[in-house]
Amino acid sequence: AQRVTQPEKLLSVFKGAPVELKCNYSYSGSPELFWYVQYSRQRLQLLLRHISRESIKGFTADLNKGETSFHLKKPFAQEEDSAMYYCALILNAGNMLTFGGGTRLMVKP
Amino acid sequence: EAGVAQSPRYKIIEKRQSVAFWCNPISGHATLYWYQQILGQGPKLLIQFQNNGVVDDSQLPKDRFSAERLKGVDSTLKIQPAKLEDSAVYLCASSPLARTGPYEQFFGPGTRLTVL
């Protein structure tokens, strides 16, 4: 069965510091990977997906099939980046998301 | 466009009581999902509908949970009878037709259920 692991429950950094939120997955096929974000008092929403190879709000994520990882990175954290971040995958068939446990990012001033 | 709507936003019941949640997806979205998010965990898919048919309900505890989407639009999720471990946020999401994709899922605000 597929599994998504986010090893850090909480990540605290200072404003301007680099950020890396870790995500590892276990699946033998070729999944589609996503990062979803939930800001305080807001709905869960898509941040970015690996297939788009895009940068959103300064965040990027590279799929490393050898290490089965999809870490989320940003070179300079901002206070408004403080939120819960969830890594998720979709198998080849269907559109069903499997989420990791989430990492709370706190960016201190 | 209007987002996914859910009601109620909060519900407190005693164990063994029944409860129902309602979801109205984004207009035109064929696929609807119900997730359960227990405190400190990521959302877990309970059931996926495509129009009014069930695509996957393998993680739905069918002895106490049921869900329907009779006209392919609104959906209800019911728990009968509730247990303490059902305390969670129940999220509804919708997306365009899932046959091709994957498509972004749009989430509602959730219903926070507390079972005492």
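Residues numbered from 1 in each chain as written. Chains lettered and ligands numbered in written order. Predicted model: local features only at pLDDT ≥ 70, side-chain atom pairs only at ≥ 80, totals over all residues. Heavy atoms only, no water.

Engineer: Please explain the nonpolar core as it appears in this structure.
Structural biologist: A general feature of soluble globular proteins is that nonpolar side chains tend to end up buried together. One finds W35(A), L72(A) and Y85(A) to be the most contacted residues of the largest nonpolar core, which totals 24 residues. Looking at this core, the elements with two or more residues in it are β2 (10-14), β3 (19-21), β5 (32-38), β6 (45-49), β9 (83-90) and β11 (103-108) of chain A. Among the elements that line this core, the one with the most residues is β9(A), at four residues. In terms of nonpolar packing, the next biggest core, distinct from the first, is built from 21 residues, C23(B), F49(B), A88(B) and C92(B) among them. (Core = buried A, V, L, I, M, F, W, Y, C linked by side-chain atoms within 4.5 Å. Buried < 20%, exposed > 50% of the residue type's maximum accessible area, 1.4 Å probe, protein only. Helix = DSSP H or I, 4+ residues; strand = E, 2+ residues; numbered from the N terminus.)

Engineer: Would you mind showing me how to read the interface of chain B and chain A here?
Structural biologist: When the parts of a complex come together, some accessible area is lost, and that lost area is often taken as the interface size. Every contact between the two is made by 21 residues of chain B and, on the other side, 16 residues of chain A. Where chain B abuts chain A, roughly 1,600 Å² becomes buried across the two surfaces, and 53% of that area is made up of carbon and sulfur atoms. Counting the contacts that link chain B with chain A gives one salt bridge. Note that R49(A) is salt-bridged to E104(B), the shortest N-O span being 3.9 Å. On the surface where chain B and chain A come into contact, there are five residue pairs in polar contact (both at pLDDT 80 or more). When contributions to the side of chain B that touches chain A are tallied by element, the ones reaching two or more residues are β4 (31-37) and β5 (44-50) of chain B. Along the lines of polarity and charge, the residues of the side of chain B that touches chain A split into ten nonpolar, nine polar and two charged. (Contact = heavy atoms within 4.5 Å. Buried area = accessible area lost by both parts, 1.4 Å probe. Salt bridge = Lys/Arg side-chain N within 4 Å of Asp/Glu carboxyl O. Polar contact = N/O pair within 3.5 Å; in protein donor to acceptor, adjacent residues only side chain to side chain. Nonpolar A, V, L, I, M, F, W, Y, C, P; charged D, E, K, R; others polar.)

Engineer: Whenever I open this one, the sheet that holds β3(A) confuses me. Can you help?
Structural biologist: Strand pairing in a sheet takes place through backbone hydrogen bonds and is either antiparallel or parallel in direction. Residue and element names in this part refer to chain A. Read across the sheet, three strands follow the order β3-β8-β7 without closing on themselves; strand pairing throughout is antiparallel. The open sheet has two edge strands, β3 and β7 (60-61), and neither has a second partner. Where β3 meets strand β8 (residues 72-74), three bridges bridge the pair, whose relative direction is antiparallel. When the sheet's bridge partners are listed, V19 is paired in β8 with K74. (Pairing = 2+ DSSP bridges.)

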